[in-house]
Amino acid sequence: MNLRRLSVRRIGDQVGKQVWRAVVAGGAAAVFTAVAAVPAGAAEGGVSFSRVQVNGGKPIVIGTSKEVVVPASFRMATKQQWRWPAVFLYRTGADDRLWHAIETNECDKVSSGVCDINERMFFEPSVYDMRNSEAGAWKVAAEVHFKGGGGDIDDKGMTVHVQRNSRLTVNASPEPVTKGKTITVTGKVTRANWETRKYASYGGRHVSLQFKPAGATSYTTVKKVYANGSGNLKTTVKASRTGTWRWVYYGNTTTGASTSSGDTVVVK
């Protein structure tokens, strides 16, 4: 399978428009100056896009260092000669985009002038600067450039949430414990700060404490606890039987869900 990869970085603003530089595998280079707005509908430039999918409809969760690869796909119909088709995320206009690199396969021909295209969208927080304000809802658009100049760009009426990764720790003590005595379960909620590339306390979160008895295969929620302003969690439970304790945070529109590891306490 032949792949094209566009490595992109934001290089500044010009009269309210951002210029994007794409370096194509093989050394060819192009500069894309985005239009001010993304038109709705299809075939404005002789192209229609359909069957657009991004990450299977799931949020895109990004931490502070690990590259995140997001699958996407779409169908494109056009009689024009084209290059560099892609779907991308945007907010207020085509110049307000979020992606660090895009890789697409060649046309998987469906019929004359109709192609199915698979894409991988790359986010590299350790390489490219990201702003915390970029977490949240993004719109989806599809774009293609024509050989000889021009192109088409369409809003697809879809929303994808980009989220900052969260983490949870857990500690249950004492270990072991006498049946009927008190177990103290603590932990901490943190969230990726894209601007510092570190994890920081995420206070005030509503987090579930779950328990799985020894020999069981699933956890049950025992209680829900709010983290304090520093993201710290603390609660107590009665020791009834040996099992494993963990914390679960279900996330929100800007922050991904997370689950701590389990901490097993033997009850004697």
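Description of the structure in this document.

1. Details of the overall build of the protein
A tally of regular secondary structure across the protein gives zero helices and 22 strands. Each of the 268 residues in the protein was classed as buried or not, and the buried ones make up 46%. Put simply, 66% of the contacts in the protein that link residues at least 6 apart link residues at least 24 apart. Per element, the accessible surface of the protein, about 13100 Å² overall, is 48% carbon and sulfur.

2. Let's talk about the sheet that holds strand β13 (residues 151-164)
Sheet architecture is open: five strands sit in the order β5-β13-β12-β7-β8, paired in mixed fashion. At either margin of the open sheet sits one strand with a lone partner, and together these are β5 (60-62) and β8 (97-98). For strand β12 (residues 136-146) and β13, the ladder comprises nine bridges, and the chain directions are antiparallel. Bridge pairing in β13 places Glu-143 opposite Ile-153.

3. Structural notes on the environment of Gly-187
Mapped onto the secondary structure, Gly-187 falls in strand β15 (residues 182-193). Residue classification places Gly-187 among the buried residues on the basis of a relative accessible area of 12%. In this structure the C-alpha to C-alpha distance between Gly-187 and Gly-231, which are 44 residues apart in sequence, comes to 8.4 Å. With near-sequence residues (within four places) excluded, Gly-187 lies in contact with Thr-169, Val-170, Gly-231, Asn-232, Leu-233 and Trp-247.

4. Regarding the packing of aromatic side chains
Within this structure, the stated rule accounts for four aromatic pairs. Measuring from ring centre to ring centre gives 6.2 Å for Phe-88 and Tyr-90, while their planes differ by 55 degrees; the resulting arrangement is tilted. For the pair Phe-88 and Tyr-90, one class covers both residues: buried. Here the aromatic rings of Tyr-202 and Tyr-249 are separated by 6.2 Å at their centres, their planes lie at 85 degrees, and the arrangement is edge-to-face.

5. Observations regarding the environment of Asn-165
The residue Asn-165 is located in the loop between β13 and β14 (166-173) in this model. Residue Asn-165 is classed as partly exposed on the basis of its relative accessible area of 21%. Along the chain, Asn-165 and Arg-191 lie 26 residues apart, while their C-alpha atoms are 5.8 Å from each other. Once you skip the residues sitting within four places of it in the chain, Asn-165 turns out to touch Val-61, Ile-62, Gly-63, Thr-190, Arg-191, Ala-192 and Tyr-199. At 2.9 Å, the side chain of Asn-165 and the side chain of Tyr-199 are in polar contact.

6. Re the pattern of salt bridges
Pairing of side chains with opposite charge becomes possible as their charged atoms draw close. Using the criterion set out here, one finds five salt bridges in the structure. A salt bridge links Glu-143 to Arg-97, with the nearest nitrogen and oxygen atoms 2.8 Å apart. Placement of Glu-143 in strand β12 and of Arg-97 in strand β8 is noted, with a sequence separation of 46 residues between them. With respect to class, Glu-143 is no different from Arg-97; both count as buried. Across the pair Asp-129 and Arg-197 runs a salt bridge whose closest N-O atoms are separated by 3.2 Å. With a gap of 68 residues between them, Asp-129 in the loop between β11 (114-123) and β12 and Arg-197 in the loop between β15 and β16 (198-201) connect regions that are remote in the sequence.

7. Overview of the environment of Asp-96
Within the fold, Asp-96 resides in the loop between β7 (82-90) and β8. Asp-96 gets classed as buried once you look at its relative accessible area, which sits at 18%. The sequence separation of Asp-96 and Trp-138 amounts to 42 residues, and the corresponding C-alpha distance is 9.9 Å. Among the polar contacts listed, one links the side chain of Asp-96 to the backbone nitrogen of Thr-92, at a separation of 3.4 Å.

8. A few points about the nonpolar core
With 37 residues, the main nonpolar core has Ile-60, Leu-89 and Phe-123 as its most contacted residues. Elements with a minimum of two residues in this core: β4 (47-54), β5, β6 (68-78), β7, β11, β12 and β13. Once residues within four sequence positions are removed from consideration, Phe-123 is found in contact with Ile-60, Ile-62, Lys-66, Glu-67, Val-68, Val-70, Leu-89, Leu-98, Trp-99 and His-100. Grouped together as the second largest cluster of nonpolar side chains are 21 residues, Ala-172, Val-189, Tyr-202 and Tyr-249 included.

Reading guide: rules and limits
- Residues numbered from 1 in each chain as written.
- Predicted model: local features only at pLDDT ≥ 70, side-chain atom pairs only at ≥ 80, totals over all residues.
- Heavy atoms only, no water.
- Helix = DSSP H or I, 4+ residues; strand = E, 2+ residues; numbered from the N terminus.
- Buried < 20%, exposed > 50% of the residue type's maximum accessible area, 1.4 Å probe, protein only.
- Contact = heavy atoms within 4.5 Å.
- Areas by Shrake-Rupley, 256 points an atom, 1.4 Å probe, with all protein chains shown as cover.
- Pairing = 2+ DSSP bridges.
- Phe/Tyr/Trp six-rings, centres within 6.5 Å; stacked < 30°, edge-to-face > 60°.
- Polar contact = N/O pair within 3.5 Å; in protein donor to acceptor, adjacent residues only side chain to side chain.
- Salt bridge = Lys/Arg side-chain N within 4 Å of Asp/Glu carboxyl O.
- Core = buried A, V, L, I, M, F, W, Y, C linked by side-chain atoms within 4.5 Å.

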